[in-house]
Amino acid sequence: MPVAYFLVLSALLFSIGVYGVLARQHAVLVLLSVELMLNAANINLVAFSAMLGEAGVPGQVFALFVIAVAAAEVGVGLAIVILIYRNRRSVDIDEMSLMKW
Amino acid sequence: MIEITLTDWQILLVKLLIILIVVPVGALVGGYVLHKEMAHMQHRLGPMYAGGWHGWAQTLADGIKFAYKEDIIPASADKRVFSLAPAVIFVPVLLLYLVIPIDQNLIVEDLDVGLFFLLAIGSVGSIGVLMAGWSSANKYALIGALRSAGQLIAYELPIVLSAAAIAMLAGTLSLVGIVEAQDWPYIVWPPGIGLALFLLFLAGAMAEMALPPFDMPVAESELITGPFTEYTGMRFIFGFFFAETAHMIAFAAIGTTLFLGGYKPIVPWEPLEVIPGVLWFFVKTSFMVFLLLWVRFSFPRLREDQLQKFAWKALIPLSLVLILATGAWILYGP
Amino acid sequence: MALDVDQRLERARRPGFGIGLLKGMRVLLKHLFKRNSVIQYPDVKQDLSPRTRGVIALKEENCTVCMLCARECPDWCIYIDSHKETLPPKREGGRPRKRNVLDRFAIDYALCMYCGICVEVCPYDALFWSREFEYAEYDIRQLTHEKEKLSDWMATVLPPTELEEGADIPGQPSKAAPAAAAATQTATPTAAATAATPASVTSSATEARPGQAQTAPREGTAATEAARPAASAPDAATTPAPETAKPAPGLAEEVKDQQMDSTAEARAEPEVKRDAGGAVEAEGSQAEVEDKAEAETPSTPESTAVTQTPPPAAAAPSRPAPRIEDLEQPEDAYARVLDEQSKAGSSPQVAEARAKVARVKAERAMTQARAAAPQEVAPTPEPSGAPGAAEPEPEQGPVAPTPEEKPDSSAPQAEASSPGEDPEAVFERVLEEERAKGSSDAVATARAKAARMRAGRGAGSAGPQEQEGTKGPND
Amino acid sequence: MADTYLQVIFWAFFALMAIAGIRVVTTRNVIHAALYLVATLLGAASMYVLLYAEFVAWVQVLVYVGAVVVLMLFGLMLTRAPIGSANFDNNQRLVGAVCAGLLFAVTSFIMVGAFEGQEIDFTGTEGTKVQSIGEAIFSIYVLPFEIVSVLLLAALVGAVVISRRDEGRVDS
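Below, the structure is looked at part by part.

Cut-offs used in this document
- Residues numbered from 1 in each chain as written.
- Chains lettered and ligands numbered in written order.
- Predicted model: local features only at pLDDT ≥ 70, side-chain atom pairs only at ≥ 80, totals over all residues.
- Heavy atoms only, no water.
- Helix = DSSP H or I, 4+ residues; strand = E, 2+ residues; numbered from the N terminus.
- Buried < 20%, exposed > 50% of the residue type's maximum accessible area, 1.4 Å probe, protein only.
- Contact = heavy atoms within 4.5 Å.
- Areas by Shrake-Rupley, 256 points an atom, 1.4 Å probe, with all protein chains shown as cover.
- Pairing = 2+ DSSP bridges.
- Buried area = accessible area lost by both parts, 1.4 Å probe.
- Salt bridge = Lys/Arg side-chain N within 4 Å of Asp/Glu carboxyl O.
- Polar contact = N/O pair within 3.5 Å; in protein donor to acceptor, adjacent residues only side chain to side chain.
- Nonpolar A, V, L, I, M, F, W, Y, C, P; charged D, E, K, R; others polar.
- Expected span 1.5 Å × (residues − 1).
- Axes fitted to C-alpha atoms, helices over the stretch in contact; angles between N-to-C directions.
- Parallel < 35°, antiparallel > 145°, perpendicular 65-115°, else oblique.
- Left-handed = near helix turned anticlockwise from the far one by under 90°.

**Side note on the overall build of chain B**
Assigned secondary structure in chain B consists of 12 helices and 0 strands. The secondary structure elements of chain B, listed N-terminal to C-terminal, are α-α-α-α-α-α-α-α-α-α-α-α. The buried share among the 334 residues of chain B stands at 55%. By sequence separation, contacts in chain B at least 24 residues apart represent 77% of the contacts at least 6 residues apart. By element, 72% of the accessible surface of chain B is carried by carbon and sulfur atoms, the whole surface being about 14800 Å².

**Let's talk about the sheet that holds strand β2 (residues 78–87) of chain C**
Residues and elements named next belong to chain C. Sheet architecture is open: 3 strands sit in the order β2-β3-β5, paired in antiparallel fashion. Of all the strands in the sheet, the pair left with one neighbour each is β2 and β5 (144–145). Across 2 bridges, the pairing between strand β3 (residues 97–108) and β5 is antiparallel. Paired with Ile 107 across the two strands is His 145, which belongs to β5.

**Regarding the interface of chain C and chain B**
Between chain C and chain B, the residue contacts involve 16 residues of the former and 14 residues of the latter. Each partner contributes to the roughly 1400 Å² buried at the junction of chain C and chain B, and carbon and sulfur atoms together form 67% of this total. Contact with chain B buries surface across chain C, with Met 25, Leu 28 and Leu 32 of chain C losing the most and accounting together for 40% of the total. The interface formed by chain C and chain B contains 0 salt bridges. At the surface where chain C touches chain B, the tally comes to 3 residue pairs in polar contact (both at pLDDT 80 or more). Among the residues making up the side of chain C that touches chain B, the classes are represented as 7 nonpolar, 5 polar and 4 charged.

**Describing unusual backbone geometry**
With a phi angle near 55 degrees, Val 65 of chain C is a residue other than glycine that sits in the positive phi range. Structurally, Val 65 of chain C is set in the loop between β1 (55–58) and α3 (68–72). Residue class for Val 65 of chain C comes out buried when judged on its relative accessible area of 7%. Phi is positive for Tyr 52 of chain D, close to 60 degrees, though the residue is something other than glycine. Tracing the backbone through its elements, the reader meets Tyr 52 of chain D in the loop between α2 (30–50) and α3 (54–79). Judged by its relative accessible area of 33%, Tyr 52 of chain D is partly exposed.

**Thoughts on the interface of chain D and chain A**
Chain D puts 83 residues into the contact, and the matching count from chain A is 68 residues. Of the roughly 7000 Å² buried between chain D and chain A on both sides combined, carbon and sulfur atoms contribute 76%. Across the chain D-chain A interface, the total number found is 0 salt bridges. Where chain D touches chain A, the interface holds 6 residue pairs in polar contact (both at pLDDT 80 or more). Put simply, the parts of the chain that give the side of chain D that touches chain A at least two residues each are α1 (2–26), α2, α3, α4 (93–114), α5 (130–139) and α6 (142–163) of chain D. Considering only residue class, the side of chain D that touches chain A consists of 54 nonpolar, 19 polar and 10 charged.

**Examining helix α1 (residues 8–41) of chain B**
Helical geometry note: an α-helix holds 3.6 residues per turn, so side chains three or four residues apart project in the same direction. For α1 of chain B, spanning 34 residues, the distance from its first C-alpha to its last is 47 Å, which sits close to the expected 50 Å at 1.5 Å a residue. Where α1 of chain B is buried, its residues touch α2 (58–68), α3 (79–96), α10 (233–259) and α11 (277–298) of chain B together with α2 (19–33) of chain C. Among the residues trailing α1 of chain B, His 43 of chain B stands out with phi positive, at a value near 65 degrees.

**Considering the packing of helix α1 (residues 3–23) of chain A against helix α2 (residues 27–52) of chain A**
Residue and element names in this part refer to chain A. The contact between α1 and α2 brings their axes to 7 Å, and the two run at 165 degrees. Relative to α2, α1 is oriented roughly antiparallel. Taken as a pair, α1 and α2 cross one another with a handedness that is left-handed. Residue-level inspection shows Val 3, Phe 6, Leu 7, Leu 9, Ser 10, Leu 13, Phe 14, Ile 16, Gly 17, Val 18, Gly 20 and Val 21 of α1 in contact with α2, the latter providing Val 30, Ser 33, Val 34, Leu 36, Met 37, Ala 40, Ile 43, Asn 44, Ala 47, Phe 48 and Met 51. For the contact of α1 with α2, a count of residues per class yields 18 nonpolar, 5 polar and no charged.

Here you go:
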């Protein structure tokens, strides 16, 4: 099976993630979109790993690292979202201009 | 001798079919055992009429009754999510049975990462619980779902960590490999660590299944049945009762596999080897079910904050210490 | 004891972490293998206690529409309608009689709280407790059951329970009668006076009471009890106004004597069941009387005692008192019980307490036996004394301390003194009696003084006491 | 032959992931978005299984579906997650769509061009054993592994510190 199939899938997911990050207002939805992008990267890593066969183990190792980092990101991200919601009763990131000049 | 030749696909289909038959039947029997054991421990008789002999057909009758009930979906509910949730709860439980070795060769799929598969699939059900709770448009349901999610995140860790310690001891993630790696005094070996891991696993499993004393998500007295408050008929059965019982039996089987030596005889004695492993497995799993139910009926429900405290301040540190101890045992032990 | 419990709790709490959890699980495991005590109700019916308060049944023919039950009912759940009927005079030239006819008797079981006051208060034994309890209805309004239904339930009313051992047999003179008289202080003096004069009992009244006559000797224990059967005779309609039929305390014997002669014309066969029901009531009240008599201070029973009619000679069929030689020595009893208890595994305190009780009982039995012995030889000949009146030492109850510690006031004065006897003579006699019984000097003197005082007041004998002492130490 | 089966399965999951992914960013209900994300993630896990990377697949299910999404749903339900639809998009939708479309076109063009003719050979592979992954992590990549563990610890502490209510301060 051509590896290009997986690369196209990955590109599609990544683009969808980019759209989500750009077009979404809700903070948690932005986080979800970021997850999509990370997953796209993961698919790429695993696909290349499979392509390389025995030499491709580091690809899977990196996929695992990505998943771990994603978990950390979600943890901190959600903590921030909840804190903001608690303070401002809103999770709209376009309104979060508190730190803007 | 009739020779039947089946392709891999056909074998897989037959195995799946067997699972599809065995699991609901097991859940019915498990439900009956639950009723009866609870009743007798509370000095009652339990079901006595359905089916004639000691109400053996009670769960069957219940199931038929639920099948005939109207399937009600609340007007303000999120209908698609609401209908899908029971399936999301039940299917992962069904999948758990795929990798449990009933005998050395009697297993649907001996995955290389069987143990990991169990843990991963077991955690999917909580999505279903959250779906059910949120989509019911009911405060009790939502609170129950949130409790369930919090509980699951907290108690997943002790289970994963104790399973990790077992994997360390066995040197493999394959469940058959784990059973084969276990030697005779299964649970009490390595001394102290094995038993502690078992208790840790038991506590985590009971919390994961939301069984008392960890049943805050479905606390009948406070939250009616938590996420399943609005469910009726078959959806209730599959989302709640069936899933609960099947989950319980699955966890009993997992506990048997990980700690009690699975399909191996209780004591390594030559004559006992004659008895098929299926029987040993069945006996040990029954014991585990009994134990789970016994604990379940013995203790009152914790409070939500006590539950979280217990997980984060007692179980997780303990499991980390046990992982260290296991590592030390592997390195320096005999 | 409280300290003991605390200590035990403390000990239970002490063992290490998690033991409590295991203990709880052990309890459940034990119950799993225990024999189940569940009764599968619709299939197997529980044998309810005879005193179960299931439902109230009505014996319609006994009801005189006196309305007592309806008035006493705290919930006002009894509905009674009636009308008056005029009956022709019984004899030529007599006055036409009036009689209440029951039209409606209904109990609203949705309101009823099963207190049983109506059953207690019914003077004519028309209401009974039945053990029936399956009378659920689909509508709360249908829970008001009319007299037809209530009468149907009469079939489920149990015959009265067997009499207790040693209790009086209906139809025979009661040994409890005099004791009961002590309790009927509420009886009005006039009633008592009437009772004292047999002549005041009209022959017609006796005629009308065949059933009562049967129960009367027993019913003598309480005036109100005795009064019941009078109106309950099936032919009550033809009897003279029931009010006159109400006997006073102590009347029973007279009634009975006359009845012996005129039974032949008793038209109604005595209703065994009802009578026996009366007996049960009587027994209950008798027990009450005994309790009272025990608790009574010496001075209380006096007022009624004077009006007591002399009982027949056959009175006081008391069991023979145990002989002194047969009785266990108190110290032996103490040692034996202590031994037994410690073998049975009781705690030292409990064993000691039980042994003490045994000793006290043995001592009491000794005393009573000693006192009873002379009495049997020469019964006191006082004409007005109750049969048991000569019985000196009443039962003190199980918690009584040793005789030496007995406060004087709590010891009812059983020593009878006939009215008119010289107070000083009474003093001497009582003193002697007390000494014979083995009472300590102080006690004997005090009792003798009390007896003198009573004699001086002319109050006559102290409350006749139930001869319970003869029941011996094993009660 | 086997390759045809795999291709069918691949395209089925491709379709699932594409649809679910698009729904994640277009749906008007936050919970639905998270649930569609679950579908996407499970599709990705299936892809890993397809690629004989079982361990990664189950880690994906355990961590993403079992923990991350549960946490997301938890967060959504704690904040505000009404049943029914609401508008969560800003006015950059068109810009976003153009950007995403361009990105997709460019990246897929480049990658397809770069890896033209490269095949994944499924025949004869048993898949990657967990053991080899473990050995790789704990030998060559032990430093990144340790760094990741420190990162996780920092994230844990950070999350607790951030979301914790200060004692004595009343929140608005």
